[in-house]
Amino acid sequence: MENFVYEYPTKVCFGKGAAKAHLPGILSACGPNVLLAYGGGSIKKNGVYEELLEILKAAGKTVTEFAGIMSNPTWVKVQEGAQLARDCKADLVLAVGGGSVIDCCKIVCAQAVTDEELWDLEMVQHKAPSVPPIPLGAVVTASGTGAEMNGGAVITNEEAKIKGGMFAAAPRFAILDPEYTMRLPRMQVLSGAFDTLSHAMETYFGRSDRDNVSDEVALAVMHSTVVNMRTLLKDINDYTARSNLMWTSAMAENGILKVGRVTDFECHQIEHQLGAYTDCNHGQGLAVLHPAYYRHIVKDAPEKFTKLGKVVFDVDGSDGAVDALAAFIQECGLPTRLSQLRSKVEVTPELLRQVADSTNLLPNGPRQLTHDEVYEILKECL
Ligand code: NZQ
Ligand code: ZN
């Protein structure tokens, strides 16, 4: 095992009725001003907004709203939220949504307390913010990213055409009520769950090949994710499967699987840049890219692929594992080609060249890719 220090700052309140049961107590320890942040309005249609507002009012909070956080949140939206947080002197930012709302708010909390531009500080100067952020709480309405239990945030700088990982405020608490996800569109449920599967696979395929308890836990998370996704294919409203997926989502990205090992995450790097250029859905982008990426690296980690194939899909051989993953993606009805993804621009070979050339090449996977190979992978997905 690699050396490690493990510490976690997020208190998790899980289950039906978690907000009513736990939020009042948590709020009693916070100051009076709350910035209530959400996305395009789903929380106003499914009752979550009313329920939370009632709890906030009963706790005597002054609520300012930060609405309209889009999927793949932009740097401009972060600045809007930071200004609102300053104006209302927020003591707490309550992020209600999926990964996009939570990520946006992580950086809002850090940006609101400094005049220094955090994009420049983190992405150009590679420094961490020095001022403690405004406390953040997350109420998850769409699971999959695991954003509720980590300090990473993925933000799109539209001007620079970079979708980059930033580090700021991990939520102090997270409310995980599977009921809150029940009105999520079917495709988003499955895309989010595939993102969880991807996180566990990307962690497992890190360069370190030594036997590691984290790998065994990762394989269990992958297996559980696949089993519960298959349950949802039969009944998308299965509450137990939704609950299990909500927790595997957090498990895959709360650091537990990364303990004592290095991680891969090259497929995420490619997908993030694809997102920067096209605004595609994150989980769906990963579904298209993963089989193609794995066909490129399967010969560099045959034993690990074979083990994954056996444990997760009950198939033999390293190529069998990649084939089983590709078949599972089809079984779920997730996209398998770039042309099936949402895109704000036409996806041409020229565009893919730009995506490839701007992709971060990480040294931690079974083999480090080149920009040309990333381009090949992308073209194979056309
Ligand atoms: O905006 P609203 O109206 O709320 O609609 C959202 C959005 O359209 C909808 N939705 C959410 N909860 C709902 C609901 N619709 C009905 N009922 C509900 N209960 O779902 C849509 C997608 O939401 P979004 O937050 O964009 O999806 P997701 O959770 O997949 O987050 C994706 C973002 O997270 C980043 C991705 O890159 C992407 O930007 N990631 C964050 C990570 C992290 N911080 O650890 C790791 C991931 O690898 C990922 O990169
Ligand atoms: Zn992801």
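So, here's what we can say about the structure. (Residues numbered from 1 in each chain as written. Chains lettered and ligands numbered in written order. Predicted model: local features only at pLDDT ≥ 70, side-chain atom pairs only at ≥ 80, totals over all residues. Heavy atoms only, no water.)

### Points about the sheet that holds strand 8 (residues 173–176)
As a reminder, the rule being used: Pairing between strands is defined by DSSP: at least two bridges between the two strands are required. Helix numbers and strand numbers start at the N terminus; a helix is a DSSP run of H or I with at least 4 residues, a strand a run of E with at least 2. Angles run from 0 to 180 degrees between N-to-C directions of axes, and those axes are lines fitted to C-alpha atoms, restricted for helices to the stretch in contact. Contacts between residues were defined by any pair of non-hydrogen atoms, one from each residue, lying within 4.5 Å.
The strand order across the open sheet formed by six strands is 1-8-5-4-2-3, and the pairing between neighbours is parallel. The open sheet has two edge strands, strand 1 (11–14) and strand 3 (62–66), and neither has a second partner. Each adjacent strand pair in this sheet contributes to an overall mean axis angle of 20°, direction not counted. Across the sheet, helix 3 (residues 48–58) lies against strand 2 (33–38), strand 3, strand 4 (92–97) and strand 5 (136–140), angled at about 175° from strand 2, the strand it touches most. Sitting on the sheet, helix 5 (residues 99–111) is in contact with strand 2, strand 3, strand 4 and strand 5, with an inclination near 165° to strand 4.

### Looking at the coordination of the zinc ion (ligand 2)
So the rule is basically this: Note: metal donors comprise N, O and S atoms at 2.8 Å or less from the metal (3.2 Å for Na, K and Ca); water molecules are not included, so apparent gaps in a site are possible. Burial status follows relative accessibility: with a 1.4 Å probe on protein chains alone, a residue under 20% of its type maximum counts as buried, one over 50% as exposed, and anything between as partly exposed.
Coordination of the zinc ion (ligand 2) by the protein comes from D195 (OD), H199 (NE2), H268 (NE2) and H282 (NE2), over a distance range of 2.0 to 2.2 Å. Mapping the donors of the zinc ion (ligand 2) onto the primary sequence gives the spacing D-x3-H-x68-H-x13-H. Residue H199 is found in helix 7 (residues 186–204), and its partner H268 is found in helix 10 (residues 266–278); the two are separated by 69 residues along the sequence. Across the pair, exposure class does not vary: H199 and H268 are buried alike.

### Some remarks on the site of ligand 1
Formally: Nearness of a residue to a molecule or strand requires only that one of the residue's heavy atoms be within 4 Å of it. Contacts described as polar in this section are N or O atom pairs within 3.5 Å, which, within protein, must combine one atom able to donate a hydrogen with one able to accept it, while residues neighboring in sequence count only if both atoms come from side chains. Computed with the Shrake-Rupley method and a 1.4 Å probe, the accessible areas treat only the protein chains shown as cover for residues.
Looking at ligand 1, there are 31 residues lining it, with G40, S42, S71, S100 and D103 nearest. G40 is positioned with one of its backbone polar atoms (N or O) 2.6 Å from an oxygen atom of ligand 1. A distance of 2.8 Å separates a nitrogen atom of ligand 1 from a polar atom in the side chain of T141. Protein chains bury 87% of the 960 Å² of accessible surface belonging to ligand 1 in isolation. Mapped onto the shell around ligand 1, the elements with two or more residues apiece are helix 5, strand 6 (152–157), helix 7 and helix 10. Element by element, the count of residues in the shell around ligand 1 is highest for helix 5, at four residues.

### Let's talk about helix 1 (residues 18–27)
Definition in use: When we speak of the arc, we mean the arc of directions from the helix axis to the C-beta atoms.
Buried residues of helix 1: A18, A19, L23, I26 and L27, and no others. Along the axis of helix 1, the buried residues cluster in a sector spanning 100°; they form a single face. Residues of helix 1 that are exposed and point more than 90 degrees away from the buried face comprise K20 and A21. Elements in contact with the buried residues of helix 1: strand 1, helix 3, strand 4 and strand 8.

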